[in-house]
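# Close look at the chain arrangement
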Amino acid sequence: MKRITACLFAASIFISISVSAQDWVGMMHNPSVNVHDVQAAFYKWHETHKTKNDKSAGDLKRGRGEEENYELFKRWEHRMVVRTFPSGNRPDPIEIAKEYKDFLSSSHKDKASHKALATPAWVYVGNTDVPTYGGDGRVNRVHFYPGNTNTIYACSPAGGLWVSTDGGNTWSTNTDQLGDLGLGDLAINPLKPTVMYLGTGDNDAGGDLEPSTIGVLRSSDGGNTWNATGMSFTLQVSGPQYYVINQLIFNPADTGTLFAATSFGLFYTQKDGKNWNKVLTDNIKDLEFEPFHSSTVYAASNAGIFYRSIDSGKTFIRVISGLPAHGMQRMAIGTTVADSNVVYLLTVDSANYGFYGLYRSTDRGQTFSPRSVRSTGAPNLLGWSNTGSDSSGQAWYNLVIKVSPTYSDSVLVAGSWLWSSADGGATWTFNNNFYNNVHIDIHSINFFPGSSSSFLLSSDGGVFKTTDGGITWTDLSNNLAIGEQYCIGASADNPSLWITGWQDNGSSISVPYWQSVYGGDGMTCFIDYTSDNNLFASYENGALAASFDGGFSWYPANNGITETGDWNTPWLQDPQQPNNLFAGYQNVWESYNQGSSWTQLSTWGTYYINALAVAPSNDQYIYASEYFKLYGTTDGGTIWNDITGTLPVAYAYISGIAVDPNNPSRLWVSFSGWDGSFKVFKSINGGSSWANVSSGLPNLPVNCIVYQAGTADGIYVGTDMGVYYRDNNIGAWIPYNNGLPNVEVDNLQVYAPGNFLVAATFGRGTWQVPTYVGVGINEVSFTNSVKVYPSPAHGSVNVAFEGPAGEYEINLVNVLGQKVLSRNLKTSGQYNGTIDLSGYTSGVYMVSISGANTKTVKKIVVY
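Residues numbered from 1 in each chain as written. Predicted model: local features only at pLDDT ≥ 70, side-chain atom pairs only at ≥ 80, totals over all residues. Heavy atoms only, no water.

## Points about the overall build of the protein chain
- Of the regular secondary structure elements, the protein chain holds six helices and 63 strands.
- Across the 863 residues in the protein chain, those meeting the buried criterion constitute 64%.
- Across the protein chain, the fraction of contacts at a sequence separation of at least 24, relative to all contacts at a separation of at least 6, is 53%.
- Summing over all exposed atoms, the protein chain offers an accessible surface of approximately 29700 Å²; the carbon and sulfur share of this is 49%. (Helix = DSSP H or I, 4+ residues; strand = E, 2+ residues; numbered from the N terminus. Buried < 20%, exposed > 50% of the residue type's maximum accessible area, 1.4 Å probe, protein only. Contact = heavy atoms within 4.5 Å. Areas by Shrake-Rupley, 256 points an atom, 1.4 Å probe, with all protein chains shown as cover.)

What follows is the structure in structure tokens.
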């Protein structure tokens, strides 16, 4: 395969600061701008805006606007630097698309790849309730089904489209196998609601924090099936360009016409999406039709330009009367059926990305006058501060305005927080939504038809409802399985217990119920293999924390470490000495007392360590990488050697390290980026020499790698699009994605006692699958034929399956991982039976069926 980017680059983060451009947000969203130039622009901007923020363990407070910009930028940097190394140039999408197409074509012809049909099926084992003290995950938009407010749709930026038919009490999805689980908007034809259009890509983060677009999809059967329209891309094409669909909206007077506001222009279609006409070239963030007069259309760009059309959106002119000539960035438009003459513009300061001003027009968008502007002392509506003292914010990321459908002076605006005005924006009331259990960082607001006090909002934590104007709230996020997980740490004894690190929603544990136990962005985490009471979690840039009572109380666990860490700082437990911990900052550090104090082991550190591994059979063997350099020690850290050797660090970043549990000198290293030649390398001599074992993997960034003990070099890798497996018996990589959503996999762990592989996905929470047990053994005919029903169940549950003749074992395991029932049986190939549930308490159980060299697991709920 061809190398997509190939310029040498000496360092990842310490880049030239001789950059004059200060609009780092605009640069970040511009695919032609080099990633290193964006870094330079941001750090120069940040030097003049940063404030100190308490990142101590257990701190649930968030920083002010500039600190939130720091977090959002670091997320982007964390993803982009490793994927564009070494040049920092965004990859050539045409080359990537061709390579991926070739891979799909060849995999169908490759005999070994057909063994993927014989892999077991993944099962969702993540939260079904909102984690206590936490949130479910980000939702960009919510919409009502026309004429039925009990049917609600939620667009997740990395988890697909979700629908509730009971007012938000329960949710489901059928979009797991779409080519893109990042969704920005949904448009439902109000006159023919079975016709729907789906805008893919993360419209608020701009495709850089979450997936880009594969275009606009169309359904003619109410969302049961989706098909491509004439606006269609592959992720390999749109990803490097950050293409996203920002908004979809029907012409209310002509529902045969649909508009798509995108990051690459404004388009409309009149032929069921087959053909699209481009009318604006800007990155259009918001589009609104004037109520009752659909010939007038308003559009707002991400560059702070307001447009008006009087011919139903065929042509537009820029409106400048009453608006600032410069200094603005993103805009949001507010209109209302209460008065079609009134138009509001909520604007962003292009220097600070916080609140710039609210402007109002009373002549249908032709002229504007200021209602609230920062220079007049108006509060910072969009940043973290509710005192009005902070002029910075993250409004480029989330910016919302909604006008009451019954009174045009009643306005809601939101960024991090929710504010309301009853006098057209002259004065404001702060809605302390965070302390009313509403997750901050709001992305959309939808009034119930005809109501000024009942509305839904979506945020980084899910979907919320109020019926009294925001005084009280109901969380509607149960069953939204959209967790964006960086990491998962599995218990050594309990197959149902994990600790997981989530973007926006802290670190959560799964047992006895899902609950957030540590705040902020949850990063690398793990559970003491000698005691499930000992939990270890982390926050951004190496803020480590430990709990010794199951997560009820937390203590700082990086005392004495004098360095800062990477965005997601690696740390882990010594596989032989449970009180000892290792962490990678600029150097490798070791703690002999579970994080109370630390000793520096290395002195070679210059850049951030991003991957760290300790050999399970000999803890004197430690391996650590600085993205583009690999070090190893065989004496516990006294002497370190540069073992990079022939690894392709001139072309790709190291993303993970796995060590053979029986031989400390045998290791595997994975690589991120878009170079199809360099994905996984193997050494059998501690890094003295390396062999490329990438052949057969698609040209996708590899995010993680894990070794399965007891196999012939069984290796799993998690990529931006699924999981792949190889061992010496197969001799090739095979897709390991049966039943897994088409989602980014950021972390994999093997639960050895039960032979399970557990995945932390970025957008669809936690998934589990039986590990591979041999070519032709995990027959899909068995896995797919197993039926355990009904669920929820009461009194008894039915078990039926067809499979190879032989002896089988059926186990019922409770949420604590305890085997509460075990049954052995022998079949001639078919089994039908029941499990008596009398006497079992209500809750979640796992039914595992193993035998004839195969195993599958089904989850049931007992009530």
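Let us keep going from here.
## Details of the nonpolar core
- By size, the foremost hydrophobic cluster in this structure holds 44 residues, and its most contacted members are Trp24, Trp396, Leu630, Ile657, Leu667 and Phe671.
- Elements with a minimum of two residues in this core: helix 1 (24-28), helix 2 (35-47), helix 3 (65-84), strand 42 (611-614), strand 46 (654-659) and strand 47 (667-671).
- Looking at which element gives the most residues to this core, the answer is helix 3, with seven residues.
- With sequence-adjacent residues up to four places away left out, Phe671 is seen in contact with Leu647, Pro648, Val649, Ala652, Tyr653, Ile654, Ser655, Phe678, Lys679, Phe681, Pro701 and Val702.
- With 33 residues, the next largest nonpolar core counts Tyr124, Leu456, Ile734 and Tyr772 among its residues. (Core = buried A, V, L, I, M, F, W, Y, C linked by side-chain atoms within 4.5 Å.)

## Here's the deal with the side chain of Gln708
- Relative to the assigned elements, Gln708 resides in strand 50 (residues 702-708).
- Overall, the relative accessible area of 5% leaves Gln708 in the buried class.
- If sequence neighbours within four positions are ignored, Gln708 has contacts with Gly714, Tyr716, Tyr725, Val750, Thr771 and Tyr772.

## Remarks on the sheet that holds strand 46
- As summarised here, the arrangement of the four strands in space is 46-47-48-49, forming an open sheet in which the pairing is antiparallel. Across the chains shown, the open sheet's two edge strands, defined by having one partner strand only, are strand 46 and strand 49 (691-692). (Pairing = 2+ DSSP bridges.)

## Here's the deal with helix 2
- For helix 2, with 13 residues, the first-to-last C-alpha span of 19 Å sits near the 18 Å given by 1.5 Å per residue.
- For helix 2, the complete set of buried residues consists of Val35, His36, Val38, Gln39, Ala40, Ala41, Phe42, Trp45 and His46. (Expected span 1.5 Å × (residues − 1).)

## Some words on the sheet that holds strand 19 (residues 343-349)
- With antiparallel pairing, the four strands of this open sheet are ordered in space as 18-19-20-21. Bordering the open sheet on either side are strand 18 (328-334) and strand 21 (369-373), each of which pairs with just one other strand. If you compare each strand with its neighbour and ignore which way they point, the axes differ by 25 degrees on average.
- Two elements, strand 20 (residues 355-361) and strand 21, share four bridges in a ladder whose sense is antiparallel. Across the sheet, Tyr359 pairs through a bridge with Pro370, a residue of strand 21. (Axes fitted to C-alpha atoms, helices over the stretch in contact; angles between N-to-C directions.)

## Concerning the packing of aromatic side chains
- The full count for this structure, using the stated rule, is 48 aromatic pairs.
- Considering the side-chain rings of Phe455 and Trp473, the 5.6 Å spacing of their centres and the 80 degrees angle between planes classify their relative orientation as edge-to-face. Pair noted here: Phe455 is in strand 27 (residues 455-459) and Trp473 is in the loop between strand 28 (462-466) and strand 29 (474-475), with a separation of 18 residues, a long-range link.
- Where Phe678 meets Phe681, the ring centres are 6.2 Å apart and the plane angle is 40 degrees; that geometry is what we call tilted. (Phe/Tyr/Trp six-rings, centres within 6.5 Å; stacked < 30°, edge-to-face > 60°.)

## Quick word on the environment of His36
- One can find His36 in helix 2.
- Classification of His36 by relative accessible area gives buried; the value is 10%.
- At 3.3 Å, the side chain of His36 and the backbone oxygen of Ser87 are in polar contact. (Polar contact = N/O pair within 3.5 Å; in protein donor to acceptor, adjacent residues only side chain to side chain.)

## A closer look at the pattern of salt bridges
- In this structure the tally under the stated criterion is 16 salt bridges.
- The salt bridge involving Arg360 is made with Asp409; its shortest N-O contact spans 2.9 Å. One end of the pair, Arg360, is in strand 20; the other, Asp409, is in the loop between strand 22 (400-403) and strand 23 (411-414), with 49 residues separating them in the sequence.
- A relative accessible area of 17% places Arg360 in the buried class.
- A salt bridge links Arg666 to Asp713; the nearest nitrogen and oxygen atoms lie 2.6 Å apart. With Arg666 in the loop between strand 46 and strand 47 and Asp713 in the loop between strand 50 and strand 51 (714-719), this residue pair connects regions lying 47 residues apart in the sequence. Both residues of the pair, Arg666 and Asp713, belong to the buried class.
- A network of salt bridges, in which partner residues are shared, links Arg79, Arg83, Asp720 and Glu744. (Salt bridge = Lys/Arg side-chain N within 4 Å of Asp/Glu carboxyl O.)

Limitation: the analysis is restricted to geometry and does not speak to function.
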